[in-house]
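Chain by chain, the residues run as shown.
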Amino acid sequence: MLSVKGGVFAGIYEVSDGVYRFKAYAAGEWVSGREFTKVRSPIDLSVIAEVPRLSWEEVDRVLDRVYRVGRWRIRDTPGWRRLEILERIADLMEQYKDDLVNALVVNGGKTRSQAVGEVEASIDRLRRADLDARKIFGEYAPGDWDPTTLETEAIVRREPYGVVLAIVPFNYPLFDAVSKFAYSAVAGNAVIVKPPSADPIPILLFAKLVEEAGFPRESFAVLTVPGAESDRLVADERVHVISFTGSSSTGKRVLATAGIKQFIMELGGGDPAIVLADADLDFAADRVAAGIYSYAGQRCDAIKLVLVERPIYEEFVGRLVDRLAKVRVGDPRDPDTMMGPLIDPSAADEMMGAVEDALSKGGRLLVGGRRLGPTYVEPALIEVRDKGALRQMKLYREEVFAPVALVTDFSTEEEAVELANGRKYGLDAAIFGWDMDRIRRLTRLLEFGAIYINDMPRHGVGYYPFGGRKESGIGREGIAYSVEYVSAYKTIVFNFRGRGVWKYE
Ligand code: NAP
């Protein structure tokens, strides 16, 4: 089912019995392993590939090469040339787009249009690294504001930290790897990517294009190490920055293991949508429905809680149910499919368990919620009018990475804010309506990293920065924003005392 056509990829895999056995990119060489991890397609759970399960000795060798050689090579590549290489990678991604799209469909279970969207966003991200470049600058600090620093001055510059470890989740494997690579590399860092075990193939294809584009060989690696065996990599002192995207629980473990480093942590989410009485109901129902079911709810910015103002509650919920009932679930390769599978059967188990939990606590299933196969489910909406019960539900307390949301009503803005802020996550929120005074008031009180007015939350290419508060994370992902976290301040103080440069009064 996986089919890699581009000749450029020939050296990075072998095929036996229809299964692709990939190599990992070890900072300049493609290495196989002694042990392999099976990669399955969520479409039918068939094994489509194997990737090396790298041992610590192999990882250690790569870390050594990246640390000793790679971090200096990328740093000594002039900025204009770094940008030129990123452009060249983008060109190659366009050239081999079909292979990348196919890998995202077959390995990630994305529909074709979602896969095309992810590849195009990745290409765009690389091309907009010129905007990152304009944010990598320093400051001049005069010394005469304090008697102790008279006749001195400083420049405060930013320079690359060295080695960035990019840990990537399964839901946007290509885009997240590309985005972390782009901002880290444009700032002059070497990058080691740890891909998700569920769908590493798009990242391995990307690695080949990075190599082909002439990126310094020792400055980039893709290490196929299972997350459960990544503690030593995370804790290693040769890693200066960790840019992690994944669940809050894994994020906590990474923070506890890593020691003193620089972090960007993009963690769990699941967003509330607040629908005000003057909202355009059809438009809001369309966008909220898409926020619930797109990529089967496996998006950090998926809508998981719908708060509807009481006067329009019945009317709006009817329209939302109508939209969700029409979602065509099936094989993502079928052009009519609107929602494909979940990443693996345990994700469907988790959704079923969370639906049951909500129903046992007084929730009412308004639409969907049936399991259609090991990885296939119907998108579901559960109504809970009792706010006390709502707060006890797993779907309110945790992020359930599946197409299911809770819906309830509210009568005051304070109540809506309290319910939205009451979850432990603070990634994004959406507000639908036109009364700008009310919307302005709500945006002031909502504790979220981003608020979308009259749209579903969607991070897209990161043209607008995003990132969480509370358990949703630390730092920001976004063009011209993330460079701040992968470059270190260095203050250089010039002492001219007694040299007659300044003549103070
Ligand atoms: P995950 O299970 O937390 O895994 C994320 C990555 O961490 C994977 O590469 C995983 O590797 C690795 N990992 C697991 N244990 C590790 C450890 N002990 N040390 C180092 N790395 C480890 O998350 P996921 O299920 O792939 O992704 C979904 C989650 O990501 C959701 O919670 C979603 O909200 C979040 N997310 C957040 C954002 C955002 O912008 N805030 C964006 C996208 C996704 P293995 O696959 O090998 O286990």
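Structural data are supplied above this passage.
The structure reproduced in this document is the subject of the present report. (Residues numbered from 1 in each chain as written. Predicted model: local features only at pLDDT ≥ 70, side-chain atom pairs only at ≥ 80, totals over all residues. Heavy atoms only, no water.)

**Section: the sheet that holds strand β6 (residues 47–52)**
Then comes step 1: Spatially, 4 strands are ordered β1-β2-β6-β5 in an open sheet, and the strand pairing comes out mixed. Lying at the two open borders of the sheet, with one neighbouring strand each, are β1 (13–16) and β5 (36–40). Across the sheet, the mean angle separating the axes of adjacent strands is 25 degrees when strand polarity is ignored.
Then comes step 2: Examined bridge by bridge, strand β2 (residues 19–22) and β6 share 2 bridges and lie parallel to one another. For R21, the partnering residue across the bridge sits in β6 and is E50. (Pairing = 2+ DSSP bridges. Helix = DSSP H or I, 4+ residues; strand = E, 2+ residues; numbered from the N terminus. Axes fitted to C-alpha atoms, helices over the stretch in contact; angles between N-to-C directions.)

**Things to note about the site of the ligand**
Then comes step 1: Surrounding the ligand, one finds 31 residues, the nearest of these being V168, S197, S247, T250 and E399.
Then comes step 2: One of the backbone N or O atoms of F170 is found 3.1 Å from an oxygen atom in the ligand.
Then comes step 3: In this structure, a nitrogen atom belonging to the ligand sits 3.5 Å away from a side-chain N or O atom of E266.
Then comes step 4: In the complex, the protein chains occlude 87% of the 910 Å² of accessible area that the ligand would expose alone.
Then comes step 5: Counting residues per element, the ones that place at least two in the shell around the ligand are α8 (231–235), β12 (241–245) and α9 (248–258).
Then comes step 6: Considering every element that reaches the shell around the ligand, the biggest residue donor is α9, with 3 residues.
Then comes step 7: Across the shell around the ligand, the residue classes tally to 15 nonpolar, 11 polar and 5 charged. (Near = heavy atom within 4 Å. Polar contact = N/O pair within 3.5 Å; in protein donor to acceptor, adjacent residues only side chain to side chain. Areas by Shrake-Rupley, 256 points an atom, 1.4 Å probe, with all protein chains shown as cover. Nonpolar A, V, L, I, M, F, W, Y, C, P; charged D, E, K, R; others polar.)

**Some points on the side chain of K387**
Then comes step 1: Within the secondary structure layout, K387 lies in helix α13 (residues 387–392).
Then comes step 2: A polar side-chain atom of K387 sits 2.8 Å from a polar atom in the side chain of D409.
Then comes step 3: Here K387 is in contact with T408, D409, E415 and L419, once residues within four sequence places are set aside. (Contact = heavy atoms within 4.5 Å.)

**Some points on the sheet that holds strand β7 (residues 139–142)**
Then comes step 1: With antiparallel pairing, the 3 strands of this open sheet are ordered in space as β7-β8-β24. Bordering the open sheet on either side are β7 and β24 (487–495), each of which pairs with just one other strand. Mean inter-strand twist for the sheet, computed between neighbouring axes without regard to direction, equals 20 degrees.
Then comes step 2: The sheet contact formed by β7 and strand β8 (residues 152–160) spans 4 bridges and is antiparallel. For A141, the partnering residue across the bridge sits in β8 and is A154.

**Considerations on the packing of aromatic side chains**
Then comes step 1: Within this structure, the stated rule accounts for 17 aromatic pairs.
Then comes step 2: Taken together, Y25, W30, F181, F206, F215 and F220 form an aromatic cluster joined through their ring pairs.
Then comes step 3: It is K110 that lies over the ring of Y295; its NZ or CZ is 4.2 Å from the centre.
Then comes step 4: Above the ring of Y313, the side-chain terminus of R385 is found at 4.1 Å from the ring centroid. (Phe/Tyr/Trp six-rings, centres within 6.5 Å; stacked < 30°, edge-to-face > 60°. Lys NZ or Arg CZ within 6 Å of the ring centre and 35° of its normal.)

Note that every value here comes from positions in space, so none of it alone points to a role or purpose.
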